[in-house]
Amino acid sequence: MSGITRWALAHKRLVVLFWLLLTILGMAFSKKATDALSQEYSIPGHQSYQTNQQITSQFGGGGDGAPLVVVVSLPAGQAVTSPAVTTGLNQLTTRVEQAVPGSRVASYATTSDSGFVAKDGRTTFIVDYPPPEPGQYGQSPLAEKAVQAAIKGQAVGGGSVALTGYDALTAQAGSGAKGASVFVESLIGGFGALIVLAFVFASFLALVPLVIALVSIMTSFLAVWGLAEATSVSSIVEYLIALVGLGIAIDYSLLIVVRWREARARGLSGEDAVVEAMATAGRAVVFSGTAVGVGLLCLIVMPVPFLRSLGFGGLLIPIVSVAVTLTLLPVMLAKIGPRLDWPHRRADAGPARAWTRWSGFVVKHRWASAIVALAIMGALAGAATTLTLGPANGNPDTLSQAGTAKDALNTLNQSGIGEGALTPIEILAPRADGPRLVHALSGLAGVQGATAPTAASWSRGDTAIVDVFTHDNSPAALASVRDAAHAVGPNVTVGGIDAQNRDFISAVYGSFPLMVILIAILGYILLARAFRSLILPLKAVALNILSVAASWGALTLIWQKGFGSHALWGIPALGSIPSWLPVIVFAFLFGLSMDYEVFILSRIREEHDRGASNHDAILAGMGRTGRLVTSAALILFLGFVAMSTAPGPVVKAMATGFGVGIIVDATVVRALLVPALVSIFGDWSWRFPRAAAKILFVPDQRAPVEAAPEYDRAGGPAS
């Protein structure tokens, strides 16, 4: 580490110009990087995905793209089956079809299938699958506007006509839930970070971590642009770079700047203080960045391109942040650090008294502290056992809270047709099997009806599409449709959004336990090298998994059960958790939690190597890192608060999972459970047999024994 630092200090101008150039390029091309991101959601190798791809390539829209749904609600005394209403419905269907050339449209007027009509006979709908739009994976915003214009002012049988569907609900989401852009969210997060840093440093040094964060974020966007040109990268990555990147870069800078201040407080000056800070804190930064990368391996090895892209894109965040922190930060500290450290008056030579006394209290009551902390974590983790995985794009009921699209959806639900009309099950079959499929599927439990339109847009050669409308997209209804469809013939395949989502859940969570085991083993090996201990890494991995489970529990309570979603954001709960979200939360929180573990235990290990007892090492290590970890966690938390201002409940849910996980981990786990358990384990915490050291290629890194500070049992310096 000292070699990297001395090289950077010897080439200050080159280092500054290099990162300045990348930052400028990142700013210039950040819009292109964002535009290059996609919303692809594929699971190659599964029938649903292959069917959807075939539908898209041969028929244009549909498959994994949701239709636009025009809802017609007739007044009392009118019926869809009456000739006058059927004629009006036919004219409306034609207008919808003409509004978006190339669409695949069907209604009761064109098929005479009862699946389009509610039991009361007064509510019906038209499905319109528009052709794909460039750069809009599975979405059709232009078609939505065209259909809205086509049906404006129209009426059928004196009844209302309104457009709904995922695109319409998303377009009208602003009427019930306004949100900020990623840029604005970054500014909010950056401003919150500046307030915390100003409190921590009490000097203009608070600006240094923000500069490092700016360079890291812009460089990451530049790198993601290059990655997106080579492969599909999820649009969610832009949120992660802007806000997770902000927090990580500041965390790493914060750790090193604090150590640099300590070195200066002990009398070192100039580049010597920088070199010493990097030799200790810099090593912890490398381990922390590697830990975040280990967590993201869970995504990289997943059998789903969507998640792999998040893993690769997310992996750029710690790589770039570590590189900037290890090279640019030493140059900044050496050149302008002393001048920026004004009007700082706080002494940095010793541990923070408040944290030293707190850790003394925890150590004194270690068993009670551990029981209380485990009870809190256990309660949250227990809530996660009721987590229900739902649609990847969120439930349509919560996409918009007001507007005509929401009213039309309510009409479908109240009529008994249900929200399943928004995501029909799409079946590819030989054209001759169409009538048999309609007959076999229409009477199934949970199914509103099925249709096999004879229009030319619904068939290609001998292959045709059959649509099935379920009431509520339940897994049971999908399973029964699949079984009944496959029983009709060997050439029948089942696709659609819900089928692909169910296959996604099966593909991801079927292998997820193995992924967790893999990540746990890699994390254990990494931390064993970092801490030179066999017990502490085991504890760390277990607590990290428990922290993630607690975050899942918070997601379940807030966004599935509704305890807080309305109070905090004024919107109802999702009713279920988007199928991809728990995996993302695990991958990032597992690594971010390790950050704090490395910060704290590396310092405790350092104090112990200097000759301090287990008790004194805990107090000194917590005294040195307690404020640091709390501040770092608060900065990340504020970043996720900023993320929660984005429109749409799905991003808000993601921000909730990250934010709650970080705060719980930094307070309950790191401030309470970690010191308590290290104290309970006693000297066993530091046992590291020579055989283990040889296997892990760990040299003896114990520092020369110095006069370690002693602390009384209350946590204060011994007199």
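Further up the page is the structure itself.
Values in this document were obtained by computation on a predicted structure and should not be read as measured data.

Notes on the pairing of strand β1 (residues 68-73)
Here is step 1: Within β1, 5 of the 6 residues are buried, leaving the element largely enclosed by the surrounding structure.
Here is step 2: Summarising the sheet, β1 and strand β3 (residues 123-129) pair through 6 bridges and their orientation is antiparallel. Bridging from a neighbouring strand, Val70 pairs with Ile126 of β3.
Here is step 3: The sheet contact formed by β1 and strand β4 (residues 160-164) spans 5 bridges and is antiparallel. If you follow Val70 over to β4, its bridge partner there is Leu163.

Details of helix α17 (residues 434-442)
Here is step 1: Among the residues of α17, those classed as buried are Gly434, Leu437, Val438 and Leu441. For α17, the angular spread of the buried residues around the axis is 100°, confining them to a single face. In α17, the exposed positions that point more than 90 degrees away from the buried face belong to Pro435 and His439.
Here is step 2: Considering only its buried residues, α17 is in contact with β6 (425-430), β7 (447-451), β9 (463-470) and α18 (475-488).

A few points about the nonpolar core
Here is step 1: Counting 166 residues, the largest nonpolar core has Phe201, Leu299, Leu307, Leu310, Phe504, Trp580 and Phe658 as the members making the most contacts within it.
Here is step 2: In this structure, Leu310 is in contact with Ser234, Ile236, Val237, Leu240, Leu299 and Ile584, ignoring residues within four places of it in sequence.

Remarks on the sheet that holds β3
Here is step 1: On the basis of which strands lie adjacent, the open sheet formed by 4 strands has the order β2-β3-β1-β4 and antiparallel pairing. Only two strands of the sheet have a single neighbouring strand rather than two, namely β2 (104-106) and β4. Adjacent strand axes in the sheet meet at a mean angle of 20° when their direction is disregarded.
Here is step 2: Examined bridge by bridge, β2 and β3 share 3 bridges and lie antiparallel to one another. Counterpart to Ala106 in the pairing with β3 is Val127.

Focus on the pattern of salt bridges
Here is step 1: This model, assessed by the stated rule, comprises 19 salt bridges.
Here is step 2: Residue Arg670 pairs with Glu597 through a salt bridge whose shortest N-O separation is 1.8 Å. Here the residue Arg670 occupies a position in helix α24 (residues 649-681), and Glu597 occupies one in helix α22 (residues 581-609), the gap between them amounting to 73 residues.
Here is step 3: Taking the relative accessible area as the measure of exposure, Arg670 reaches 1% and is therefore buried.
Here is step 4: Exposure remark for Glu597: the relative accessible area of 1% places this residue in the buried category.

Quick look at the pairing of β9
Here is step 1: Of all 8 residues that make up β9, 7 are buried, and the element is covered over most of its length.
Here is step 2: Two elements, β6 and β9, share 6 bridges in a ladder whose sense is antiparallel. Considered in β9, the bridge of Pro430 is made with Thr463.
Here is step 3: Pairing of strand β8 (residues 459-460) with β9, which is carried by 2 bridges, proceeds in the antiparallel orientation. Of the residues in β9, the one forming a bridge with Arg460 is Thr463.
Here is step 4: What sits between β8 and β9 in their antiparallel hairpin is a turn of 2 residues, with Gly461 showing a positive phi close to 65°.

Brief notes about a nonpolar patch on the surface
Here is step 1: Together, Val16, Leu17, Leu20 and Ile24 make up a nonpolar patch on the protein surface, roughly 350 Å² of accessible area in all.
Here is step 2: Looking at the secondary structure, you find Leu20 in helix α2 (residues 12-36).

Some thoughts on unusual backbone geometry
Here is step 1: A positive phi angle, close to 60°, is found at Asn473, a residue other than glycine.
Here is step 2: Along the chain, Asn473 falls in the loop between β9 and α18.
Here is step 3: Phi at Arg532 is positive, roughly 50°, even though this residue is not glycine.

Re the side chain of Asn473
Here is step 1: Looking at Asn473, its side chain comes within polar contact range of the side chain of Thr423, at 3.1 Å.
Here is step 2: Ignoring anything within four residues of it in the chain, the contact list for Asn473 reads Glu419, Gly420, Thr423 and Asp498.

The rules behind the values
- Residue positions are given per chain, counted from 1 along the sequence in the order it is written.
- Where local features are concerned, this predicted model is filtered to residues with pLDDT of at least 70; where side-chain atom pairs are given and counted, the filter is 80 or more; whole-chain, interface and lining totals use all residues.
- As a convention, hydrogens and water are excluded, and side-chain values are obtained from all of the structure's heavy atoms.
- Buried means the residue's accessible area, taken with a 1.4 Å probe over protein chains only, is under 20% of the maximum for its type, while exposed means over 50%, and partly exposed covers the values in between.
- Per the convention used, a helix needs a DSSP run of H or I reaching at least four residues, while a strand needs a run of E reaching at least two, with both numbered from the N terminus.
- Only when DSSP finds a minimum of two bridges between them are two strands counted as paired.
- What the arc describes is the spread of directions from the helix axis to the C-beta atoms.
- Contacts: residue pairs with any heavy atoms within 4.5 Å of one another.
- For our purposes a nonpolar core is just a set of buried Ala, Val, Leu, Ile, Met, Phe, Trp, Tyr and Cys residues, chained together by side-chain atoms within 4.5 Å.
- Structural elements are reduced to axes, namely lines fitted to C-alpha atoms, with helices fitted over the stretch in contact, and the angle between N-to-C directions of any two is expressed from 0 to 180 degrees.
- Within this document, salt bridges are pairs made up of a side-chain nitrogen of Lys or Arg and a carboxyl oxygen of Asp or Glu, the two lying within 4 Å of each other.
- Residues forming no salt bridge and having over 30% relative accessible area are the ones grouped into patches, like charges within 9 Å of each other and nonpolar side chains (Val, Leu, Ile, Met, Phe, Trp, Tyr) within 5 Å.
- Each accessible area is a Shrake-Rupley result for a 1.4 Å probe, and residues are judged covered by the shown protein chains and nothing else.
- What qualifies as a polar contact is a pair of N or O atoms within 3.5 Å, subject to a donor-acceptor requirement within protein and to the restriction that residues adjacent in sequence count only when both atoms come from side chains.

Taken by themselves, the reported measurements are silent on function.
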